[in-house]
Every structure is written in C-alpha cells, then in structure tokens.
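Examination of the molecular architecture
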Amino acid sequence: MGILEKIAEIEHEMSRTQKNKATEYHLGLLKGKLAKLRAELIEVKTGGPKGEGFDVKRSGDARVALIGFPSVGKSTLLSTITDTEAAVSNIDFTTLQATPGRWEYNGAVIQLLDLPGIIEGAAQGIGRGKQVVSTARTADVILMMLDATKSHLQRPLLEKELEAVGIRLNKRRPNIYLKIKTGGGISYNATCKQSQLTEKFVYTLLHQYRIFNAEILVREDVTIDDFIDVVVGNRIYLPCLYVYNKIDAITIEEVDKIAREDHTIVVSIEQDLNMEMLKEKVWEYLSFLRVYTKRHSEYPDFSEGLILRQGATVEDACRAIHKSILENFKYALVWGRSAKHNPQRVGITHELSDDDVIEIVHK
C-alpha cells in the first residue's frame, strides 16, 4: 500500500469517528500517523527531473508568493505591481510555471512570485500542485488570491492544501521545548494546566515516531495538533494576507462583509480599487525595519536606509552594510525609539527599531 492510499485510509477512519472526549485520544494518534505520512510525502524523491520552472533563485529583501485557484488575478496583480509581463487570460491554467517579478517599495526590493493555479488535491501531486505548494514554503509572506464572486469555500480549501505540506498560516510556533536525547527515557513537564494534551498521549505519540529518549517542556496550553507539529518538526509558520479580487462585480454589502474578516483585504486589480492599501498591508506583514546610517560629525543619510527584518540587531545592520565591519567593530551610537537616550552607546546585540539612526565606531 502506497503513502497516498495510507493517507486516504486514515482520513476515512477519522471521518467516521465521532468527535468527543472518549475518542479524543484515538483521533490524536490518527492525526499523528497522518502527519508522519504527509511529512514522508513531502520528502519523497521521485528520481525524475526537477519540476521545470519552479526553481526560482531568491532575490531582493523578501519573497512574497501569490497562491490561489486558476483565474483569480495572480498574473494581473504581478503585471500591475511589477514590470514583469505575465501571461494574463480568462482561461484557466494560463500560468504554467513560477514567474518572478521585482517590486520596489519604501526602499525595499521585494520579489513577487506568481505560482500556477492549484486545484483540490494539490498537496498529493494533482496538477503539479505539490511543486506549487512546496515552493510557497520558501516565501516570507503568502498572498492568497481569492475571487470575491465565487464561493467562500475556496479559502478553507486552499488552507487545507497548504496545511497538508506543513505550512501554518498566521500562527506562531507553539511554546514547547523538545530535545531528543541519547538516553534517560522520556521526561515530560508542563508549566500550566493542559486542556487537551496528556502525559499518556505524549508518550504514545513519541513512541509512534520511535523517539524513546527526550525532554519535553510545555509552557502554554496547547492542542494535540500543536504538539504533533513540534514533534514532526518540518512546519513553516508564515503570515498570510487574504486578497479578495473583483470586488467591482459584487454588492457593497458583500464587500463590507468580506472586508471585516481577519487578515483580509478587498481589491479590484483591473479597476485599481484599494491597491495602495494592499501595498501597505504587504509591507506591514513583511515586518520590515528601515534603519539609517550616519558618519561621525555628519547628518544622517535619509535618502537610502538599510532594510532589516523585525528583531534585527546592530550585528545585522553591520552585515547589511558589509560583513568586514564586524572585524573592527568597537561600539555603535543609536538615535531613535530603541535608544533610552539620544544617542545611546550600544553593543552588537542591541535590538533596533524602525527609523533608528546608527553610527558605527571602529577600533
């Protein structure tokens, strides 16, 4: 029996099992088996040629992947925001390979990646979907393109396909410490009361994954799915912005209802409606910082700042300028929100904030 058949068998058993307190443990073990098989499906190598057109070199400060069903406006958005001439048509599957585009915004260079439209069952390889959703794992932000004139089921269907390849949207990694050891058995501790997770389930699941020596510390109330994700270890946690296109074809009441959903923005690419707000939202989801540099006894250079990610330190700023700066680094002077006073003398581990000004002092 192949992996796909095993997955189908477990999904069938889960669908006919009633969900209640008595079956929670059994369903959790089935989820664990399912997650293991799906992880194997991602890692399986066919031995054939690589998916042509999907191996796109990463460039710029960040990568944003456009993902959605066929004919929802992904290629139109790419052509509108970037200078890339993507194939645009009302016919499904016009885009057959990953098409990159260069987008400059607020001093940052962002790579937009237009992925071919996917269909239900993509994670299992239908319609080259496995290559599409796996390429999405390399992105910093996902733009899920949706058609406002079609069924709202398109959103959960796409989420299901991405979840099947280990992509978790708009979630953070569970606060669980897991360290596999060479001996000593399994040590399980939780710093707070668990509503779903039990010590029995933890031991059984780890044995299912052939882990017999490990230290586990759970620091928050987590679900069984959260714990499985940590054990599997190949999960990617990405911010996702749901973009509903073609709002010019629906009523204002429907637009208002959709716009109130979490992580959602409504646009009409062809009519240029709400496009500036879309750009601002993408910038917000990328969590960029702009840090400006200055020389000693000179004014800061506000014409061109360093583009860093949220949580960046003085060390990251030095590397962004040139890695050789770290060899002669003595200290830095920082002006801005991250400084307690202006200027503040800081070390290499100091965390920077947006619009900070930094001066590097050499030995």
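Scope of this entry: the structure provided in the associated data block. Once a new chain begins, its residue numbering starts again from 1 and follows that chain's sequence as written. Since the coordinates come from a predicted model, pLDDT governs what is reported: local features require at least 70, and pairs of side-chain atoms require 80 or more to be given and counted, while whole-chain, interface and lining totals use all residues. Side-chain metrics rest on all non-hydrogen atoms present in the structure, leaving aside hydrogens and water.

Quick notes on the overall build of the protein chain
- Only DSSP runs of H or I with at least four residues qualify as helices, and only runs of E with at least two residues qualify as strands; both kinds are numbered from the N terminus onward. Counting its secondary structure elements, the protein chain contains 10 helices and 16 strands.
- In the protein chain, the proportion of contacts linking residues at least 24 apart, taken out of those at least 6 apart, comes to 64%.
- If you sum the accessible surface of the protein chain, you get close to 19,700 Å²; carbon and sulfur atoms cover 48% of it. Between two residues, a contact is recorded if the distance between any of their heavy atoms is within 4.5 Å. The protein chains shown are the only cover counted for residues, whose accessible areas, like all others here, come from Shrake-Rupley with a 1.4 Å probe.

Some thoughts on the sheet that holds strand E8 (residues 214–218)
- Reading across the sheet, the 3 strands line up as E6-E8-E7 and stay open at both edges, with mixed pairing between neighbours. What marks the edges here is a single partner per strand, and that holds for strand E6 (176–180) and strand E7 (186–190). Across the sheet, the mean angle separating the axes of adjacent strands is 5° when strand polarity is ignored.
- The rule for pairing is simple: two strands pair if DSSP sees at least two bridges between them. Pairing geometry for E7 and E8, over 5 bridges, is parallel. Counterpart to Ala190 in the pairing with E8 is Val218.
- Here, axes are lines fitted to C-alpha atoms. For helices the fit covers the stretch in contact, and angles between N-to-C directions go from 0 to 180 degrees. Each of E7 and E8 touches helix H6 (residues 199–208); the most contacted strand, E7, lies at about 140° to it.
- Contacts from helix H7 (residues 224–232) reach E6 and E8, with the element oriented near 35° to E6.

Topic: the packing of aromatic side chains
- Pairs were defined over the aromatic rings of Phe, Tyr and Trp, the Trp ring being its six-membered one, requiring ring centres within 6.5 Å. Orientation was assigned from the angle between planes: stacked under 30 degrees, edge-to-face over 60, tilted for the rest. With the rule as written, the count across this model stands at 4 aromatic pairs.
- Note on Tyr292 and Phe302: the rings are 5.1 Å apart at their centroids and 65° apart in plane angle, and the pair reads as edge-to-face. Taken together, the residues Tyr292 in strand E12 (residues 288–293) and Phe302 in the loop between E12 and strand E13 (306–309) connect sequence positions 10 residues apart.
- These aromatic residues form a ring-pair network of at least three members: Trp103, Tyr105, Trp283 and Phe288.
- When the NZ atom of lysine or the CZ atom of arginine is within 6 Å of a ring's centre and also within 35 degrees of its normal, the charge is said to sit over that ring. Seen from the ring of Tyr242, Arg155 lies directly overhead, with NZ or CZ sitting 3.6 Å from the centre.
- Of note, Arg345 hangs over the ring of Tyr331, and the distance from its end group to the ring centre comes to 3.7 Å.

Quick word on the pairing of E8
- Exposure categories follow from relative accessible area, calculated using a 1.4 Å probe and restricted to protein chains: below 20% of the type maximum is buried, above 50% is exposed, and the middle band is partly exposed. Where burial is concerned, the two faces of E8 differ: the one with Ala214, Ile216 and Val218 is buried and the one with Glu215 and Leu217 is not.
- Here E6 pairs with E8 via 5 bridges, running antiparallel. Within E8, the residue paired with Leu178 across the bridge is Ile216.

Comments concerning the environment of Tyr209
- Along the polypeptide, Tyr209 turns up in the loop between H6 and E8.
- For the pair Tyr209 and Gly32, spaced 177 residues apart in sequence, the C-alpha to C-alpha distance is 8.6 Å.
- Apart from residues lying up to four places away in sequence, Tyr209 is in contact with Gly32, Ala35, Lys36, Ile228, Val231 and Val232.

A word on the side chain of Thr264
- Looking at the secondary structure, you find Thr264 in strand E11 (residues 264–266).
- According to the relative accessible area criterion, Thr264 is buried, its value standing at 11%.
- In protein, a polar contact requires one atom able to donate a hydrogen and another able to accept it; more generally it is a pair of N or O atoms within 3.5 Å, and residues adjacent in sequence count only if both atoms are side-chain atoms. Of the polar contacts made by the side chain of Thr264, one reaches the side chain of Arg155; its length is 3.2 Å.
- Within the structure, Thr264 has its side chain in polar contact with the backbone oxygen of Glu261 (distance 3.4 Å).
- Not counting residues within four places of it along the chain, the set of residues in contact with Thr264 comprises Arg155, Leu241, Tyr242, Tyr244, Ile258 and Ala259.

Details of the sheet that holds strand E10 (residues 240–245)
- Here we have 6 strands laid out as an open sheet, ordered E2-E3-E1-E4-E10-E11, and mixed in their pairing. The two strands at the open ends of the sheet, each matched to only one other strand, are strand E2 (99–105) and E11. Across the sheet, the axes of successive neighbouring strands diverge by a mean angle of 25°, strand direction being ignored.
- Bridge count between strand E1 (residues 62–68) and strand E3 (residues 108–114): 5 bridges; the pairing is parallel. What sits directly across from Ala65, in E3, is Leu113.
- Sitting on the sheet, helix H9 (residues 275–286) is in contact with E1, E2, E3, strand E4 (141–147), E10 and E11, with an inclination near 165° to E10.

Brief notes about the packing of helix H3 (residues 74–81) against H9
- Orientation of H3 relative to H9, taken along the N-to-C sense of each, is 90°, at an axis distance of 13 Å. Here H3 lies roughly perpendicular to H9, going by the angle between them. Contacts between H3 and H9 involve Leu77, Thr80 and Ile81 on the former and, on the latter, Met275, Leu278 and Lys279.
- Note on residue classes: Ala, Val, Leu, Ile, Met, Phe, Trp, Tyr, Cys and Pro are nonpolar, Asp, Glu, Lys and Arg are charged, and everything else, Gly too, is polar. Considering only residue class, the contact of H3 with H9 consists of 4 nonpolar, 1 polar and 1 charged. Oblique is the label for any angle not covered by the other classes, which are roughly parallel (under 35 degrees), roughly antiparallel (over 145) and roughly perpendicular (65 to 115).

A few points about the packing of H6 against H7
- Interaxial distance between H6 and H7 falls to 11 Å at its minimum, and their mutual angle equals 35°. As for the relative orientation of H6 and H7, their crossing is right-handed in sense. Here H6 contributes Phe201, Val202, Leu205 and Leu206 to the contact with H7, which in turn contributes Ile224, Phe227, Ile228 and Val231. Take the far helix as the reference: if the near one is turned anticlockwise from it by less than a right angle, the crossing is left-handed, and if turned clockwise, right-handed.

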